[in-house]
Amino acid sequence: MDFTEEQLKRYSRHIILPEVGGKGQKKISEAKVLLVGAGGLGCPVGYYLAAAGVGTIAMVDDDKVELSNLQRQIAHSVKTLDVHKADSAKQTFEALNPDVNVIPIKERLNSKNILDLFRDYDIIVDGTDNFPTRYLINDACVMLKKPLVSGAILRFEGQVTTILPHDGPCYRCLFEEAPPPGLVPSCQEAGVLGVLPGVIGALQATEVLKLIIGKGTPLKGRLLIYDALGVNFRKVKIPKNDDCAICGKSPTITELTDLPEEYCSI
Amino acid sequence: MTLTLNGKKTDIQDDLTVEGLLGYLMIAPARVAVEVNLSIIKKNDYHTCVLKDGDKVEIVNFVGGG
């Protein structure tokens, strides 16, 4: 596609970067990214990807906007209370950048729909709020060989990693199986500093853009842990596990299943 | 012995297992993943994996919020 005058102006600070240029910006405008969750992480990730001109952004979330979300979920507002988060985010992102096509998917991911939903996208972003969905997303991305940029937050701690299936470890290589229900508290139970998803979401958006333009070193094989209180960024190397149940040499997970409901109270 | 625990040198009693270390730090084993010298330790091995002087130990919290 050729850029219009307006687009050349809008993306000029990208195009001037040798690592991006017109070519990179074209890749960005043709990219299709699917975000799971239009909450704390999904809002900043989607906002920055929309600003960057990512052509297609799907937002998967079946929740509606609540007042307690607005302390951190910056795509929503008092005007969209009780509106589906995916629709609210679409309004915000398309107002920022009409070049972007935001596709709201107001469904909950499960083992039946996930592969079909992911299939058409280049990169998947995990900003979900529960462990069963995290494992499901990981397993689906390994099966489909889709790059996955995973982020997670709680209290004052955030984590980010980029998973390139079969070219590095996956989420299960580090966290073999989900913690028992009720052991790890949710943000609803334990709280989260409102700006924390902004930091982690911006890192995720950076990873997505690097993957799209094919520049730099992806955060694969390493988990970046941000401790907001101590102002500490720690990178932990994650070894690939040859015995991994999904990406190991003889995978034991060959089809997707849903974890029981009680896990969902994260 | 001295461990490098989450990137920081930490003095700790000798012959501690991973289970012992988590107990000392008052961390519930099911809430974390533990890596010793770049290998993830399986939960079933926490009580048999004995730490040695100079080991690099990373304790990674399960964080699932979004």
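Structure first, text after, so check above.
For clarity, every value in this text was computed on a predicted model and none was experimentally measured.

Here is what the cut-offs are and how they apply
Residues numbered from 1 in each chain as written. Chains lettered and ligands numbered in written order. Predicted model: local features only at pLDDT ≥ 70, side-chain atom pairs only at ≥ 80, totals over all residues. Heavy atoms only, no water. Patch = residues over 30% accessible without salt bridge, like charges linked within 9 Å, V, L, I, M, F, W, Y side chains within 5 Å. Areas by Shrake-Rupley, 256 points an atom, 1.4 Å probe, with all protein chains shown as cover. Salt bridge = Lys/Arg side-chain N within 4 Å of Asp/Glu carboxyl O. Helix = DSSP H or I, 4+ residues; strand = E, 2+ residues; numbered from the N terminus. Buried < 20%, exposed > 50% of the residue type's maximum accessible area, 1.4 Å probe, protein only. Lys, Arg positive; Asp, Glu negative; His and termini not counted. Polar contact = N/O pair within 3.5 Å; in protein donor to acceptor, adjacent residues only side chain to side chain. Contact = heavy atoms within 4.5 Å. Buried area = accessible area lost by both parts, 1.4 Å probe. Nonpolar A, V, L, I, M, F, W, Y, C, P; charged D, E, K, R; others polar.

1. Overview of a nonpolar patch on the surface
All names here are of chain A. On the surface, Phe156, Leu193, Val195 and Leu229 cluster together to form a nonpolar patch covering roughly 370 Å² of accessible area. Tracing the chain through its elements places leucine 193 in the loop between α9 (187-190) and α10 (196-213). Judged by relative accessible area, which is 37%, leucine 193 ranks as partly exposed.

2. Here we look at the side chain of A:Lys146
Residues and elements named next belong to chain A. Structurally, lysine 146 can be placed in the loop between α7 (131-144) and β5 (148-154). Lacking a salt bridge, the buried lysine 146 has aspartate 122 as its closest oppositely charged neighbour, with an N-O distance of 5.9 Å. Polar contacts involving the side chain of lysine 146 include one to the main-chain carbonyl oxygen of arginine 119, which spans 2.8 Å. Beyond its immediate stretch of four places on either side in the chain, lysine 146 contacts Phe118, Arg119, Tyr121, Asp122, Ile124, Cys141, Ile163 and Pro165.

3. Observations concerning the interface of chain A and chain B
With 38 residues of chain A at the contact, the number on the chain B side is 18 residues. The largest share of the area that chain A buries against chain B comes from A:Phe175, A:Leu183 and A:Arg234, three residues that together contribute 24% of it. Taken together, the connections running from chain A to chain B amount to two salt bridges. One salt bridge connects B:Lys42 with A:Glu176, and the closest N-O pair in it is separated by 3.7 Å. Where chain A packs against chain B, one counts eleven residue pairs in polar contact (both at pLDDT 80 or more). Only α7, β5, β6 (157-163), α8 (171-174), β7 (222-227) and β8 (232-237) of chain A provide two or more residues apiece to the side of chain A that touches chain B. Here the side of chain A that touches chain B takes four residues from β5(A), the largest share from any one element. Tallied by class, residues from the side of chain A that touches chain B come to 22 nonpolar, eight polar and eight charged.

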